[in-house]
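If you want the building blocks of each chain, they are given just below.
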Amino acid sequence: MRLPRPVPLLLGFLLLQGVLSPLRGDLVFVPPFIRMSGPAVSASLVGGTEDVTVSLTLLQDEMGLFPVPDCRVLSNETGNWSLTVTPSMNSLEVTVRLKRDLQSCSSNETASFSESPCIVQTLLVSASHNSSCLAHLLIQAEIYANSSLAHNASENMTVIPNQVYQPLGPCPCNLTAGACDVRCCCDQECSSNLTALFRESCFPGIFGGDVNPPFDQLCSVQKARGGPDWFPFLCVQLANSPFLGYFYHGSVSPGHHASFDVYLHTDLKDFSDFGYKQGDPVMTVDKAYFTIPQVSLAGQCMQNAPVAFLQNFDVQCVTNLEILPEQDRTINVKIKNGAMGGIVTPKVVYEEATDLDRFITNTETLLNSGPATRNVNVEEHYIFRWNNNTISEIDVKIIRAEINVHQKGIMTQRFSVKFLSSNSGTEMESSGNPGYQLGKPVRALNTNRIDNVTTLHLWQSAGRGLCTSATLKPILFGENALSGCLLEVGLNENCTQLRENSVELLDSLIKATHVAMRGNSHYNDLSDDWLEIIRADAPNTGADPAVSSSNGVCPDVPAQLSIRILFSDAGAVEGITQQEILGVETRLSSVTWQYQCGLTCEDNADLFPISASVQFIKIPAQLPCPLTRFQINFTEYDCNRNEVCWPQLLYPLTRYYQGEPYGQCVAKSLFLVSFIILAVFLSNPWTRICKAHS
């Protein structure tokens, strides 16, 4: 059924208001339009909900037009409708219910669904402040007589047991309900006297109830049935059951496992006195892990995560201020440097945060705003200086903020750890030797500046996502990324100035002129494999295109920066593939900006999104070898098309296996072959042959 003629026009205005208002931080219903087919619907009113009054109005179609919404007359009940407002965190939950009984629509209660709806009405929910309308929610009610769940549905449900512990069909031969099936020994309806008659002739296998038979290659099975003499060298000690569809853990009941914290402290291994290896946890003099909050694979923030030697990270943790502890983990902490009896003490430098809006969001009104304050760390940056397998120096920079003890909200904390060589004078480390390593920053320089050491960046938005408060993060090799921020624009914005601001923001990400081909290219030698960045379609902000006749429209505004980096495999060092960059291209894309108005056009700040993306494209160093006629015709030897791969029969001995060095694989294989030869010499057939010859 189509909406009345005036509804689409009003719906268009409300949808336009609902899309743009959240960007401006205004009051808005989410969603702004609801098609109602049941007795109740709900929506959320988000934005500044203080001192806001919500009312319900039944719109009457007069001469094909709906009346202009009037918020001076407020009512929460209109005929058969009622309005309920429930406050929640930073929003209001608005619920509209039908008080009328739908059973009265139909004269015959047992009749099927009616072809025409029972109720067709248009409702308007308005949010106002001081008799001024701020937001609207349009509800198109189209309810049928039997659309409500007036009759309770049956709740009978077949309970299927968990097949990990109990098979779905434990006795397949039980075919007759309420009677004993002959030769079915697992039938619970057979008495012991009846079972004794056919116990020797029970159905074998799965049909007879053995739904989890033992594997033929199990060591226990072959010991009972008798097997060849070489079998103990190749039998399976534990197998999984394919009949249940899940991994079978055996018949041993699970015991009580200690928690992770107990295991962490009882089985603490400390080998730092003999030097650190890559990945070893950094230890303190108290024989405990030096911990810094980190993000797990599940996205949760772990407060007591150990710091691993020579492993850098830069993470952000989102924490509620109410549960955030006030602590300084670097005070009086002495860390083992890796030598016998060696100790290093972190050097801490404190800085005060200037803009708290970058770190704290969803701030709530203080319940008891008093003079009591507390300090919280918003950023912690650790720099470890290493020499061989020891730690020589630790520099810590902590950015803290002073907040009220009753402050509420969500705070984003940043923690970074960087390991630098003690021989490096600055924090600029190589990104590989010689090729790039995945996850390392792309090295770049600017030949037009005195301080020509720089890198390529992307935005790291914070708070409301404005470009003025966004920070920068480096582009990491091999990782495609997309970032953006919002630029505040007014209704009477100068188009030329808007283009210049947008280009300036986008150019701030790519201040470099050259990019290093290799991860260890020297910054002081431009001829040491440095590539010039190709800038395609650089816009001319001075040339103003055809200007629109109305305000609030600017064509050809740069809005997106695309960075494409070409790389390839350039060889191998000690079996490790080395990758290098072949070229970098930047391209700007323009859009036509238009000021978005709600029900009325006011000179408020609009938000113009700009974005930047980086894409790594791998180019093969050489063309792949063409398929031979044998590979084309005999596809059964193609490992990509068949489940059985004969060319990789001895997989650990082939070059496809990368789990261990090739020399270790050969040594272990020869050791296994020697055991097999020894087993053959000690087997019964060989001894009988020797006795026959003697």
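Identification of the protein as Tectonic family member 2 from Catagonus wagneri is taken from an unreviewed UniProt entry. Under Sequence similarities (unreviewed entry), UniProt gives the following word-for-word description of the protein: "Belongs to the tectonic family." Recorded under Subunit (unreviewed entry), the UniProt text for the protein is reproduced unchanged: "Part of the tectonic-like complex (also named B9 complex)."

S.K.: Which parts of the structure should I look at to understand the overall build of the protein?
M.R.: A count of helices and strands for the protein gives nine helices and 30 strands. In the protein, buried positions account for 34% of the 694 residues. Long-range contacts, defined as pairs at least 24 residues apart, comprise 63% of the intrachain contacts of the protein with a sequence gap of at least 6. Put simply, the protein shows about 42900 Å² of open surface, and 54% of that area lies on carbon and sulfur atoms.

S.K.: What am I meant to see in the nonpolar core here?
M.R.: Buried together is how nonpolar side chains tend to be arranged in soluble globular proteins. Of all hydrophobic cores here, the largest spans 44 residues; its most connected members are Val 442 and Leu 456. Here the element with the most residues in this core is strand β28 (residues 553-573); it accounts for seven residues.

S.K.: Which parts of the structure should I look at to understand unusual backbone geometry?
M.R.: In terms of backbone geometry, most residues other than glycine have negative phi values and most peptide bonds are trans. The peptide bond linking Val 30 to Pro 31 adopts the cis configuration, its omega dihedral lying at 0°. Within the secondary structure layout, Pro 31 lies in the loop between β1 (28-30) and β2 (33-36). If you check the backbone angles, Leu 310 has positive phi at about 65° while not being a glycine. Its location among the elements puts Leu 310 in the loop between β11 (301-302) and β12 (313-320). A relative accessible area of 27% means that Leu 310 is categorised as partly exposed. At Asp 556, a residue that is not glycine, the phi angle is positive and equals roughly 55°.

S.K.: Help me understand the pattern of salt bridges, please; the structure alone is not making it clear to me.
M.R.: Close approach of charged atoms lets side chains of opposite charge pair. Scanning the entire structure with this criterion turns up eight salt bridges. The partner of Arg 35 in a salt bridge is Glu 142, and the shortest N-O contact between them spans 3.8 Å. With Arg 35 in strand β2 and Glu 142 in strand β9 (residues 132-143), this residue pair connects regions lying 107 residues apart in the sequence. With a relative accessible area of 11%, Glu 142 lands in the buried category. It is possible to trace a salt-bridge network through shared partners that takes in Arg 564, Glu 585 and Arg 587.

S.K.: I tried to follow the side chain of Thr 319 on my own but got confused; where do I start?
M.R.: Along the chain, Thr 319 turns up in strand β12. Setting aside chain neighbours within four positions, we find Thr 319 in contact with Gln 303, Leu 324, Gly 409, Ile 410, Met 411 and Gln 413.

S.K.: How should the packing of aromatic side chains be read in this particular structure?
M.R.: Given two aromatic rings, one states the distance between the centres and the angle between the planes to describe the pair. Going through the model one piece at a time under the given rule, you end up with twelve aromatic pairs. Centroid distance Phe 290 to Phe 384: 6.3 Å. Interplanar angle 70°. Geometry classified as edge-to-face. Of this pair, Phe 290 sits in the loop between α5 (260-266) and β10 (294-295) while Phe 384 is found in strand β17 (residues 373-387), placing the two residues 94 residues apart along the sequence. You'll find Phe 290 and Phe 384 in the same group, each marked buried. Sitting over the ring of Tyr 350, Arg 400 keeps its end group 4.3 Å from the ring centre.

S.K.: What is the right way to read the sheet that holds strand β29 (residues 576-594) from this model?
M.R.: The strands making up a sheet associate through hydrogen bonds between their backbones, and the pairing can be parallel or antiparallel. The strand order across the open sheet built from five strands is β24-β30-β28-β29-β27, with neighbouring strands paired in mixed fashion. Unpaired on one side and paired on the other, β24 (481-489) and β27 (534-536) mark the two borders of the sheet. Looking at each pair of strands side by side, their axes are set apart by 20° on average, direction ignored. As judged from the nine bridges shared by β24 and strand β30 (residues 606-618), these two strands associate in the antiparallel manner. Bridge assignment links Gly 484 to a residue of β30, and that residue is Ser 611. Against the sheet, helix α6 (residues 495-507) touches β24, β27, β28, β29 and β30, its axis set at about 15° to β28.

S.K.: Explain α6 to me, please; I cannot follow it from the model alone.
M.R.: The α-helix winds at 3.6 residues per turn, so residues separated by three or four positions along the chain end up facing the same way. The first and last C-alpha atoms of α6 sit 18 Å apart over 13 residues, in line with the 18 Å expected at 1.5 Å per residue. Looking only at α6, the buried set comprises Cys 495, Leu 498, Arg 499, Ser 502, Val 503 and Leu 506. Buried positions in α6, seen along its axis, are confined to an arc of 130° and lie on one side of it. Here the buried face of α6 lies against β22 (457-460), β24, β28, β29 and β30. Its side-chain oxygen placed 3.0 Å from the backbone nitrogen of Thr 496, Asn 494 serves as the N-cap of α6.

S.K.: Hey, could you run me through the state of the cysteines in this one?
M.R.: Two cysteines, two sulfur atoms, one covalent bond between them: this is a disulfide. One pass over the structure, following the stated rule, counts seven disulfides. Linked covalently through their sulfurs, Cys 171 and Cys 186 form a disulfide whose S-S length is 2.0 Å. Taking the sign of the torsion about the S-S bond as the criterion, the disulfide between Cys 171 and Cys 186, at about 80°, is right-handed. With Cys 171 in the loop between β9 and α2 (192-197) and Cys 186 in the loop between β9 and α2, the pair connects residues that are 15 residues apart, well separated along the chain. Considered together, Cys 171 and Cys 186 belong to a single accessibility category, that of buried residues. Each sulfur of the disulfide joining Cys 467 and Cys 485 lies 2.0 Å from the other. Taking the sign of the S-S torsion, about 90° here, the bridge from Cys 467 to Cys 485 comes out right-handed. Placement of Cys 467 in the loop between β22 and β23 (471-474) and of Cys 485 in strand β24 is noted, with a sequence separation of 18 residues between them. Judged by its relative accessible area of 4%, Cys 485 falls in the buried class.

What counts, and at which threshold
- Numbering of residues begins from 1 in every chain and follows the order in which that chain's sequence is written.
- Local features are withheld for residues below a pLDDT of 70 in this predicted model, meaning they are given only at 70 or higher, and side-chain atom pairs are given and counted only at 80 or more; totals for whole chains, interfaces and linings count all residues.
- Computation of side-chain values: all heavy atoms of the structure, hydrogens and water removed.
- UniProt positions are given in the numbering used here, feature names are shortened, and annotations may be inferred rather than shown by experiment.
- By the criteria applied, helices consist of DSSP H or I runs no shorter than four residues and strands consist of E runs no shorter than two, each listed in order from the N terminus.
- Exposed residues in this analysis have more than 50% of their type's maximum accessible area, buried residues have under 20%, and partly exposed residues fall in between, with area computed by a 1.4 Å probe over protein chains only.
- Contacts between residues were defined by any pair of non-hydrogen atoms, one from each residue, lying within 4.5 Å.
- Areas reported here follow the Shrake-Rupley algorithm with a probe of radius 1.4 Å; residue values treat only the protein chains shown as occluding.
- Only buried residues count toward a nonpolar core. Its members are Ala, Val, Leu, Ile, Met, Phe, Trp, Tyr and Cys residues joined through side-chain atoms within 4.5 Å.
- Whenever Lys or Arg places a side-chain nitrogen within 4 Å of a carboxyl oxygen from Asp or Glu, that contact is recorded as a salt bridge.
- Put simply, two rings from Phe, Tyr or Trp (the six-membered ring, in Trp's case) pair if the centres are within 6.5 Å, and we call them stacked under 30 degrees between planes, edge-to-face over 60, tilted for the rest.
- Counted as over-ring charges are cases with an Arg CZ or a Lys NZ within 6 Å of the ring centre that also lie within 35 degrees of the ring normal.
- Only strands joined by at least two bridges in the DSSP assignment are considered to pair.
- To get an axis, a line is fitted to the C-alpha atoms, and for a helix only the part in contact is used. The angle between two axes follows their N-to-C directions and goes from 0 to 180 degrees.
- For a helix, the expected span equals 1.5 Å multiplied by the number of residues minus one.
- Of all possible arcs, the one meant is that of the directions from the helix axis to the C-beta atoms.
- Two N or O atoms count as a polar contact when they lie within 3.5 Å, although within protein this holds only if one can serve as hydrogen donor and the other as acceptor, and sequence-adjacent residues are included solely when both atoms are side-chain atoms.
- A pair of sulfur atoms, both from cysteines and within 2.5 Å, is called a disulfide here.

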